[in-house]
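Observations on the three-dimensional arrangement
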Amino acid sequence: MSSASEGRFLSSSVPSLTPVPRRTTLPTGDGVRIEAVYTPCTADSAQPDGGAAQRTAVVLAHGFTGSADRPALLRAAAVFSQRAAVITFSFRGHGRSGGRSTVGDREVLDLAAAVAWARSLGHRRVVTVGFSMGGSVVLRHAALYTAEGGAECAEKDSGDTAGRVGRRMDARDGRAGAHTDVVVAVSAPARWYYRGTAPMRRLHWVVTRPAGRLVGRYGFRTRIHTEDWDPVPLSPIEAVPLIRVPLLIVHGDRDPYFPLDHPRALAAAGGDRARLWLERGMGHAENAADEGLLTRIADWTASA
């Protein structure tokens, strides 16, 4: 199927769930085109809760320098597809997607496009699961896109740039349903500009220095935007109190990037709506999430 015909995924003519895997290109609200892959649920609809599994889609958001085709994300997709349909995608500037990475700012528009695609394929319930940078994106997305009013309600509270773009996108395309019903953030930061660990100091060098961006482009196949954030987007810890859906925060006690004060701060900001799992011996993000943990997360999202 051509990318042009796939690009018309917003049409309401799709009456039911897609029965076969597909790879496509999705337009975002600001005109970037991102690659995305749909994997149908492997659960038998005749089995107990199989019908509920078929109605659910899980959208996986990778970490910085990841992509839809990286082994760690493929492993996660294989686990989640046993319980729900799965959409993986590459953030802007990653993989085969266009644009340049803004390291968590406009990436919320990429996630919104993937969530809207899931709903256009007939899925009534959408779960977003993000790792590291993707974790910060799923938190901001859950705050900015609501079932009641697209990105409009959150924008009023936050003034977030992506929220304003998201509202214009919904108004222009008539697109509804870019919101999530359950959100999971794995190895997510609580605040921006953190440099308290050596890996984060190296990451800031990659993002902010011309030589670092060359390393990012040719060493990690990640194209990074050259401009600073203006304005600074809503931080994860500011986004969490705006989330009105079930929230799970997962973090390893051996994470070399973000120490445990980050997940604890996020969980405290979420109050009764947030659940915190501190995983013994776990490192960082999708590379450190083994099949056992992914299975537990998938089970939790099914019942949340």
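Bear in mind the structure is a predicted one, so any value in this text is a computation, not a measurement.

Regarding the overall build of the protein chain
- Of the regular secondary structure elements, the protein chain holds 13 helices and 8 strands.
- Within the protein chain, buried positions represent 56% of all 304 residues.
- Considering only intrachain contacts with a sequence separation of at least 6, the fraction spanning at least 24 residues in the protein chain is 74%.
- Put simply, the protein chain shows about 13000 Å² of open surface, and 50% of that area lies on carbon and sulfur atoms.

Here we look at helix 4 (residues 107-120)
- Its 14 residues place the ends of helix 4 20 Å apart at the C-alpha level, agreeing with the 20 Å of an ideal helix rising 1.5 Å per residue.
- The buried fraction of helix 4 amounts to 14 of the 14 residues, a majority that puts the element mostly inside the structure.
- Positive phi appears at Gly122, one or two residues downstream of helix 4, with a value of about 105°.

Observations concerning the nonpolar core
- In terms of nonpolar packing, the biggest core is built from 52 residues, with Val59, Phe89, Leu139, Ile243 and Leu247 touching the most fellow members.
- Here the element with the most residues in this core is helix 4; it accounts for 10 residues.
- Counting residues in hydrophobic clusters, the runner-up holds 26 residues, among them Leu60, Ala76, Val182 and Val186.

Some remarks on a nonpolar patch on the surface
- On the surface, a cluster of nonpolar side chains totalling about 260 Å² of accessible area is made up of Trp205, Val215 and Phe220.
- Mapped onto the fold, Phe220 is located in the loop between helix 9 (210-219) and helix 10 (236-239).
- Since its relative accessible area comes to 39%, Phe220 is described here as partly exposed.

Observations regarding the packing of aromatic side chains
- Counting across every chain of the model gives 6 aromatic pairs.
- An aromatic cluster of three or more residues is present, and its members are Trp192, Tyr193 and Trp229.
- The ring of Tyr218 carries the charged tip of Arg217 above its face, separated from the ring centre by 6.0 Å.

Some words on the environment of Ser132
- Positionally, Ser132 belongs in the loop between strand 5 (125-131) and helix 5 (133-144).
- With 56 residues separating them along the chain, Ser132 and Ala188 place their C-alpha atoms 4.4 Å apart.
- Setting aside residues up to four positions removed in sequence, Ser132 forms contacts with Gly63, Val186, Ser187, Ala188, Pro189, Phe258, His284 and Ala285.

A look at the pairing of strand 5
- Of all 7 residues in strand 5, 7 are buried, a share of seventy percent or more.
- Every second residue of strand 5 is oriented toward a common face, with Arg125, Val127, Val129 and Phe131 on one face and Val126, Thr128 and Gly130 on the other, all of them buried.
- The sheet contact formed by strand 3 (residues 56-61) and strand 5 spans 6 bridges and is parallel. Bridged to Leu60 within strand 5 is Val129.

Quick look at the environment of Ala78
- Tracing the backbone shows Ala78 in helix 3 (residues 71-80).
- With 37 residues separating them along the chain, Ala78 and Cys41 place their C-alpha atoms 9.5 Å apart.

Looking at the pattern of salt bridges
- Applying the stated criterion to the full structure yields 12 salt bridges.
- Note that Arg106 and Asp30 form a salt bridge whose closest N and O atoms lie 3.4 Å from each other. Placement of the pair is Arg106 in the loop between strand 4 (85-89) and helix 4 and Asp30 in the loop between strand 1 (22-27) and strand 2 (33-39), with a sequence separation of 76 residues.
- Residue classification places Arg106 among the partly exposed residues on the basis of a relative accessible area of 25%.
- Between Asp261 and Arg191 there is a salt bridge, with the nearest N and O atoms lying 3.0 Å from each other. Taken together, the residues span a long stretch of sequence, with Asp261 in helix 11 (residues 261-270) and Arg191 in the loop between strand 6 (182-186) and helix 8 (198-208) at a distance of 70 residues.
- With relative accessibility at 36%, the residue Asp261 sits in the partly exposed group.
- Residue Arg191 is classed as partly exposed on the basis of its relative accessible area of 34%.

Topic: the sheet that holds strand 8 (residues 274-279)
- Taken together, 8 strands build an open sheet; the order of strands is 1-2-4-3-5-6-7-8 and the sheet is mixed. Edge positions in the sheet fall to strand 1 and strand 8, since each of these pairs with one other strand and no more. Pairs of neighbouring strands in the sheet enclose a mean axial angle of 20°, with direction left out of account.
- In this sheet, strand 8 lies alongside strand 7 (residues 247-252) in parallel orientation, the contact comprising 6 bridges. Looking at the pairing, Leu248 lines up with Arg275 of strand 8.
- Helix 11 contacts strand 7 and strand 8 of the sheet and is inclined by roughly 165° relative to strand 8.

Procedures and definitions
- Residues numbered from 1 in each chain as written.
- Predicted model: local features only at pLDDT ≥ 70, side-chain atom pairs only at ≥ 80, totals over all residues.
- Heavy atoms only, no water.
- Helix = DSSP H or I, 4+ residues; strand = E, 2+ residues; numbered from the N terminus.
- Buried < 20%, exposed > 50% of the residue type's maximum accessible area, 1.4 Å probe, protein only.
- Contact = heavy atoms within 4.5 Å.
- Areas by Shrake-Rupley, 256 points an atom, 1.4 Å probe, with all protein chains shown as cover.
- Expected span 1.5 Å × (residues − 1).
- Core = buried A, V, L, I, M, F, W, Y, C linked by side-chain atoms within 4.5 Å.
- Patch = residues over 30% accessible without salt bridge, like charges linked within 9 Å, V, L, I, M, F, W, Y side chains within 5 Å.
- Salt bridge = Lys/Arg side-chain N within 4 Å of Asp/Glu carboxyl O.
- Phe/Tyr/Trp six-rings, centres within 6.5 Å; stacked < 30°, edge-to-face > 60°.
- Lys NZ or Arg CZ within 6 Å of the ring centre and 35° of its normal.
- Pairing = 2+ DSSP bridges.
- Axes fitted to C-alpha atoms, helices over the stretch in contact; angles between N-to-C directions.

As far as function goes, none of this settles anything; it's purely spatial.
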